[in-house]
Amino acid sequence: MKVIPIEFKNGKGYDIKISNPEAAVQDYLNALNRAVEEYDLVRLWDSRKKCLGCDKCCRERIPLTLADVSILAEHLLPREKAEKDKALAEVIRRYCRIFVYGDIVDIHLRLTENGACPFLNEEEGMCRIYPYRPLVCQTFICCPMTKKAEQLREAVVNRGEDDLVRWWMKYAYENSIAVWFDEGDNPQIDLEDFEFESDPFIFISGYSKVKIRDVVSPNLWKLLSDK
Ligand code: SF4
Ligand code: SF4
């Protein structure tokens, strides 16, 4: 898995190539984290180098994946390890906002009154959970990227979020409680809409077992893995 630096009109960005058919989402995250350190990628939202002290992308919608919630539960609620499902539900209750509009469900981090991520140290502009921050944070750098790099990010985030929604619905169903949400209009949610042929995000506590080829479309996989 390679992140390849490329000069765009507005500065240095990147492309992504995958040579290993078994490449996992964790390989993607490792490659991106390395690229952030090694290459002088331009920051289009803020002129500070290396993001230090900037918090502009910590005031946006931050969708979560099932693996993100599982990782947050391990770090934030370690005492509840024995009851993993309850810990996940507790993370969702404490830190997430759930919107349900018709058959659309969106689970994302609940922002503070100042419109900031709950894990942002606002005085220093630093992330308080940096080593285990969500996928959407780890994969965002405000630099240009190729279309396929952008599509890869979208596909992984969207699929991971769909699997979180499915987990949330199943949890409510299995525990005989009503699905809970913060804001909604005419909810028409059905577990069947979130059943998929493959199950790449099946209950795991990280990204090393989530294979990229199981998450992206065949067309995108071809583009990413073409020599
Ligand atoms: S990636 Fe986020 S933290 Fe870094 S410069 Fe861009 S907006 Fe700021
Ligand atoms: S988890 Fe950390 S990196 Fe992500 S939005 Fe919150 S403060 Fe920013």
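Please refer to the structure placed before this passage.
Predicted model only: the values in this text are computed from it and were never measured.

## What about the pairing of strand β3 (residues 96-101)?
Walk down a regular strand and you will see the side chains alternate between the two sheet faces.
Point 1. As defined by bridge partners, β3 adjoins strand β4 (residues 104-109) across six bridges and the pair is classed as antiparallel. Pairing of Arg97 across the sheet is with His108, part of β4.
Point 2. Connecting β3 to the next strand, β4, in antiparallel fashion are two residues, including Gly102 with a positive phi near 60 degrees.
Point 3. Two strands pair when backbone bridges link them, and β3 and strand β7 (residues 183-185) are joined in this way by three bridges, in the parallel orientation.

## Re the site of ligand 2
Point 1. In the vicinity of ligand 2, the contacting residues are Cys58, Ile62, Cys117, Phe119, Leu120, Cys127, Ile129, Arg133, Pro134 and Cys137.
Point 2. Class assignment for the residues of the shell around ligand 2 results in nine nonpolar, no polar and one charged.

## Here's the deal with helix α3 (residues 84-95)
Point 1. Over its 12 residues, α3 runs 16 Å from end to end, which matches the ideal 16 Å to within 8%, given 1.5 Å per residue.
Point 2. Of all the positions in α3, only Ala87, Leu88, Ala89, Val91 and Ile92 are classed as buried.
Point 3. Considering only its buried residues, α3 is in contact with α2 (66-76), β3, β4 and α5 (147-174).

## Structural notes on the site of ligand 1
Point 1. As a matter of local geometry, ligand 1 sits amid Arg43, Trp45, Asp46, Cys51, Cys54, Lys56, Cys57, Phe140, Ile141 and Cys142.
Point 2. In terms of residue class, the shell around ligand 1 is built from seven nonpolar, no polar and three charged.

## Examining the environment of Phe8
Point 1. Here Phe8 lies in strand β1 (residues 2-8).
Point 2. Since 14 C-beta atoms lie within 10 Å of it, Phe8 is described here as partly exposed.
Point 3. If sequence neighbours within four positions are ignored, Phe8 has contacts with Gly13 and Pro144.

## Here's the deal with the nonpolar core
Point 1. Of all hydrophobic cores here, the largest spans 49 residues; its most connected members are Val69, Ile92, Ile107 and Leu164.
Point 2. Of all elements in the fold, only β2 (11-17), α1 (25-38), α2, α3, β3, β4, α4 (135-138) and α5 reach the threshold of two or more residues within this core.
Point 3. For this core, the leading source of residues is α5, giving eight residues.
Point 4. The residues contacting Leu164, other than those within four sequence positions of it, are Leu64, Thr65, Leu66, Val69 and Ile107.

## Some remarks on unusual backbone geometry
Point 1. Residues other than glycine seldom take positive phi values, yet Cys51 does so here, at roughly 70 degrees.
Point 2. Within the secondary structure, Cys51 sits in the loop between α1 and α2.
Point 3. For Cys51, a count of 20 C-beta atoms within 10 Å gives the class buried.
Point 4. A positive phi angle, near 50 degrees, is found at Ser176, a position not held by glycine.

## Quick notes on the environment of Pro118
Point 1. With respect to the helices, strands and loops of the structure, Pro118 is situated in the loop between β4 and β5 (120-121).
Point 2. When the 15 C-beta atoms within 10 Å are taken as the criterion, Pro118 is described as partly exposed.
Point 3. Separated by 59 residues in sequence, Pro118 and Arg59 have C-alpha atoms that sit 9.7 Å apart.
Point 4. With residues near it in sequence (within four places) discarded, Pro118 still touches Tyr95, Leu109, Arg110 and Thr112.

## A look at the sheet that holds β7
By way of backbone hydrogen bonds, the strands of a sheet pair with one another, either parallel or antiparallel.
Point 1. Ordered by their spatial adjacency, three strands build an open sheet running β4-β3-β7, and the pairing between neighbours is mixed. Two strands in the sheet have a free side with no partner beyond their single neighbour: β4 and β7. Averaged over neighbouring strand pairs, the angle between their axes works out to 10 degrees when direction is ignored.

Conventions we followed
Residues numbered from 1 in each chain as written. Chains lettered and ligands numbered in written order. Predicted model: local features only at pLDDT ≥ 70, side-chain atom pairs only at ≥ 80, totals over all residues. Pairing = 2+ DSSP bridges. Helix = DSSP H or I, 4+ residues; strand = E, 2+ residues; numbered from the N terminus. Near = placed C-beta within 6 Å. Nonpolar A, V, L, I, M, F, W, Y, C, P; charged D, E, K, R; others polar. Expected span 1.5 Å × (residues − 1). Buried ≥ 20, exposed ≤ 12 C-beta atoms within 10 Å, placed from the backbone. Contact = placed C-beta atoms within 7 Å. Core = buried A, V, L, I, M, F, W, Y, C linked by C-beta atoms within 7 Å. Axes fitted to C-alpha atoms, helices over the stretch in contact; angles between N-to-C directions.

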